Amino acid sequence: MVMEGKGISLAGGFSPKHISSFDLDQFDVIVNLSEYSLPDTSAMVLKRALRDPMEGDEDAFRDVREDVEQLVRFLVEHFRLARQWHLNPLYSEECAAAS
């Protein structure tokens, strides 16, 4: 219900994949939104733990959705500017401060 408010349907039959199904070293950046650590990897890991809305009401889900959207918008802008300025976006102090 909350995602539909942003025009995103979750009715496509998607299911979560376990982290072990991925070769994490194949990624440049991994954004970890959980409180759990990831296996060792050469990828840069940005950690931003979000509260788990499962015990909350619809407003809790909406709040987490907004937090994720804000983080994604920040990262998109960060990487866009880094490319525009021909910087390596993976080592920016501003990006590191967001984690």
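Conventions we followed
- Residues numbered from 1 in each chain as written.
- Predicted model: local features only at pLDDT ≥ 70, side-chain atom pairs only at ≥ 80, totals over all residues.
- Heavy atoms only, no water.
- Helix = DSSP H or I, 4+ residues; strand = E, 2+ residues; numbered from the N terminus.
- Buried < 20%, exposed > 50% of the residue type's maximum accessible area, 1.4 Å probe, protein only.
- Areas by Shrake-Rupley, 256 points an atom, 1.4 Å probe, with all protein chains shown as cover.
- Contact = heavy atoms within 4.5 Å.

Before going further, it helps to spend a moment on the overall build of the protein chain. Assigned secondary structure in the protein chain consists of 2 helices and 2 strands. Scanning the protein chain from its N terminus toward the C terminus, one meets helices and strands in the order β-β-α-α. Burial analysis of the protein chain (99 residues in total) assigns 18% to the buried set. A total accessible area of about 7800 Å² is found for the protein chain, and carbon and sulfur atoms account for 55% of it.

Bringing the environment of valine 64 into the picture now. Relative to the assigned elements, valine 64 resides in helix α1 (residues 58-84). A relative accessible area of 12% places valine 64 in the buried class. Along the primary structure valine 64 and proline 53 are separated by 11 residues, whereas in three dimensions their C-alpha atoms are 7.1 Å apart. Residue contacts for valine 64: discarding those within four places in its chain leaves Leu50, Arg51 and Pro53.

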